[in-house]
Amino acid sequence: TPTPAIPADLSHAWPPPDAEPLNTTGLYDRLVDHGYGYGPAFHGLTHAWRHGDDLYADITLPEEAGQTTRYGLHPALLDAAMHVDLVAGPKATLIPFNWHGVTLHAAGADAVRVRLRRLDGDEVTRLDLADSAGRPVATVETVVSRPVQADALAKARPASDSLLAVTWRPVAQPGPVGSVDVSGALVIDGTGEASGGGVPDRVRRALRPVLAGLQNWSAEADARPVVVVTRGAVAVRDTEAPDPARAAVWGLVRAAQEENPGRIILVDLDRAGELSDGVRAALAAGEPELAIRDGRPWVPRLTRAALPPGGRADRVSRAADPYDGTWPVDGTTLITGGTGGLGALMARHLVTEHGVRRLLLVSRRGLDAPGAAELRDELTEQGAEV
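Residues numbered from 1 in each chain as written. Predicted model: local features only at pLDDT ≥ 70, side-chain atom pairs only at ≥ 80, totals over all residues. Heavy atoms only, no water.

Right, let's get into helix H4 (residues 199-219). The first and last C-alpha atoms of H4 sit 30 Å apart over 21 residues, in line with the 30 Å expected at 1.5 Å per residue. The axis of H4 is deflected most strongly, by about 30°, at Leu207, and proline Pro209 appears within four residues downstream. Tucked into the core, H4 has its buried residues touching strand E9 (186-189), strand E10 (226-231), helix H5 (244-259) and strand E11 (264-269). Backbone geometry just downstream of H4 places Ala221 in the positive-phi region, at approximately 50°. (Helix = DSSP H or I, 4+ residues; strand = E, 2+ residues; numbered from the N terminus. Expected span 1.5 Å × (residues − 1). Bend = angle between axes of the 7 residues up to and from the residue. Contact = heavy atoms within 4.5 Å.)

Below is the structure:
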């Protein structure tokens, strides 16, 4: 916005004269008792002081947090800037709730000076961040926090309730759809046959017309909403199995939906469904995704996933249905992006927690990726074939 927050001057003597040093020894161990469990990447607070009603701190980004060049302000550095308010032992466990007047003055900092000023008790504060020379890095005019019981978060969502699955639900038609005007929408027909050849060839044939239609619509800055129609791309009922080529169309269009919120609709038909009826139902439903089965609309919803017998889904010693909360250990598990940060975490989790013994990790650089060889050796030592 044209009116950024005005930074405080932190270029004076540091820490401020007559500032009272605060004890930061064992800070992060102490905070566990108040409900804060910070990992090593967030252990950035090194020194803290009190000067009148203001709190001051030195924050240095730990090596575990990684490089700062990917961020305007590294999130672990920003989070640690608020820890100075916890040094003396918080009266309550507070969760940041609302941020207002946030301005980034400089990017790439790996260490900052922090001044925290209380504006209204413990729950409303102002943050000023500067580099080691006192040059402004960031300003937050107000941070409003809300108290929460230290054990409330742990009790609010037991592990058995944290597993979610996508379930298709039938919904009522919003009214007669036969009279819905479709002339104001761009319809991309993805129902054509893509049979013959292997799955990769079928996927390419299914994707080409849909991709071309979306690219033309985007290039022309067409203001019309888009309805992409497929047939048999999703499994709505237990007796259905999605066609891989059509399912790939849904994956492509979902990416386009993220780039164009509210402007693209996906609708999937069964064998008997007419394209025109599907388009009318999609426009009338007001849903980003819709499936028509026997003339009735269905929509996807997140629901609690059923746990396997015994209520745990973290260890498996048998081949299992992947939808029952467990993971199949027979066969090979493929992880794309398998040598990156999330892929490596997933690989370790499957080996140590689910007993998976064969992994295929694919990435753009393979074993040339940083840490890939070490990851392979680590998982091999744990009994996996990688």
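To continue, consider the sheet that holds strand E5 (residues 111-120). Strand order in the open sheet formed by seven strands is E1-E2-E3-E5-E6-E7-E4, and the pairing between neighbours is antiparallel. Each edge of the open sheet is held by one strand with a lone partner, namely strand E1 (20-22) and strand E4 (93-104). Geometrically, the sheet is characterised by an average inter-axis angle of 25° between neighbouring strands, direction not taken into account. When E1 meets strand E2 (residues 45-51), the two strands line up antiparallel, connected through three bridges. Note that in E2 the partner of Leu22 across the bridge is Ala48. (Pairing = 2+ DSSP bridges. Axes fitted to C-alpha atoms, helices over the stretch in contact; angles between N-to-C directions.)

The next point concerns unusual backbone geometry. Keep in mind that most residues, glycine aside, have a negative phi and that most peptide bonds are trans. Cis geometry is found at the peptide bond from Trp14 to Pro15, where omega equals -5°. Counting through the fold element by element, Pro15 comes out in the segment before E1. We note that Asp294 has phi near 55°; this positive angle belongs to a residue other than glycine. Accessibility expressed as a relative area gives 62% for Asp294, which makes it exposed. (Buried < 20%, exposed > 50% of the residue type's maximum accessible area, 1.4 Å probe, protein only.)

This paragraph deals with the pairing of strand E6 (residues 124-130). Counted residue by residue, E6 has seven buried out of seven residues, so it is predominantly covered. Of the two faces of E6, both are covered, the one formed by Val124, Arg126, Asp128 and Ala130 as well as the one formed by Thr125, Leu127 and Leu129. Relative to E6, E5 runs antiparallel, the two being bridged by seven bridges. Along E6, the bridge assignment pairs Arg118 with Thr125. The antiparallel pairing of E5 with E6 creates a hairpin that spans three residues between the two strands, and Gly121 there sits at a positive phi of about 65°. Both E6 and strand E7 (residues 136-148) contribute to a ladder of six bridges, which runs antiparallel.

Our focus in this paragraph is the nonpolar core. By size, the foremost hydrophobic cluster in this structure holds 33 residues, and its most contacted members are Leu45, Ile59, Val112, Val114, Leu127 and Leu129. Counting only elements with at least two residues in this core, the list comes to helix H1 (27-31), E2, strand E3 (54-60), helix H2 (75-81), E5, E6 and E7. Grouped together as the second largest cluster of nonpolar side chains are 22 residues, Val226, Ala233, Trp250 and Leu266 included. (Core = buried A, V, L, I, M, F, W, Y, C linked by side-chain atoms within 4.5 Å.)

Another aspect to go through is the side chain of Thr333. Mapped onto the secondary structure, Thr333 falls in strand E14 (residues 333-336). Overall, Thr333 belongs to the buried group, its relative accessible area being 9%.

Take the pattern of salt bridges next. Within this structure, the stated rule accounts for 16 salt bridges. Across the pair Asp201 and Arg204 runs a salt bridge, and its minimum N-O distance is 3.2 Å. Of this pair, Asp201 and Arg204 both sit in helix H4, three residues apart, roughly one helical turn. Residue Arg204 is classed as partly exposed on the basis of its relative accessible area, which comes to 43%. The shortest N-O distance in the salt bridge between Asp277 and Arg280 comes to 3.9 Å. Of the two residues, Asp277 and Arg280 are both situated in helix H6 (residues 275-285); the distance of three residues between them amounts to about one turn of the helix. Taking relative accessible area as the criterion, Arg280 reaches 22% and is therefore assigned partly exposed. Through salt bridges that share partners, Arg115, Arg126 and Asp128 make up one connected network. (Salt bridge = Lys/Arg side-chain N within 4 Å of Asp/Glu carboxyl O.)

This part is about a nonpolar patch on the surface. Side chains of Leu164, Val166 and Leu302 sit close together on the surface and give an oily, nonpolar patch of about 310 Å² of accessible area. Mapped onto the fold, Leu302 is located in strand E13 (residues 296-304). Relative accessible area serves as the criterion here: at 61%, Leu302 is assigned to the exposed category. (Patch = residues over 30% accessible without salt bridge, like charges linked within 9 Å, V, L, I, M, F, W, Y side chains within 5 Å. Areas by Shrake-Rupley, 256 points an atom, 1.4 Å probe, with all protein chains shown as cover.)

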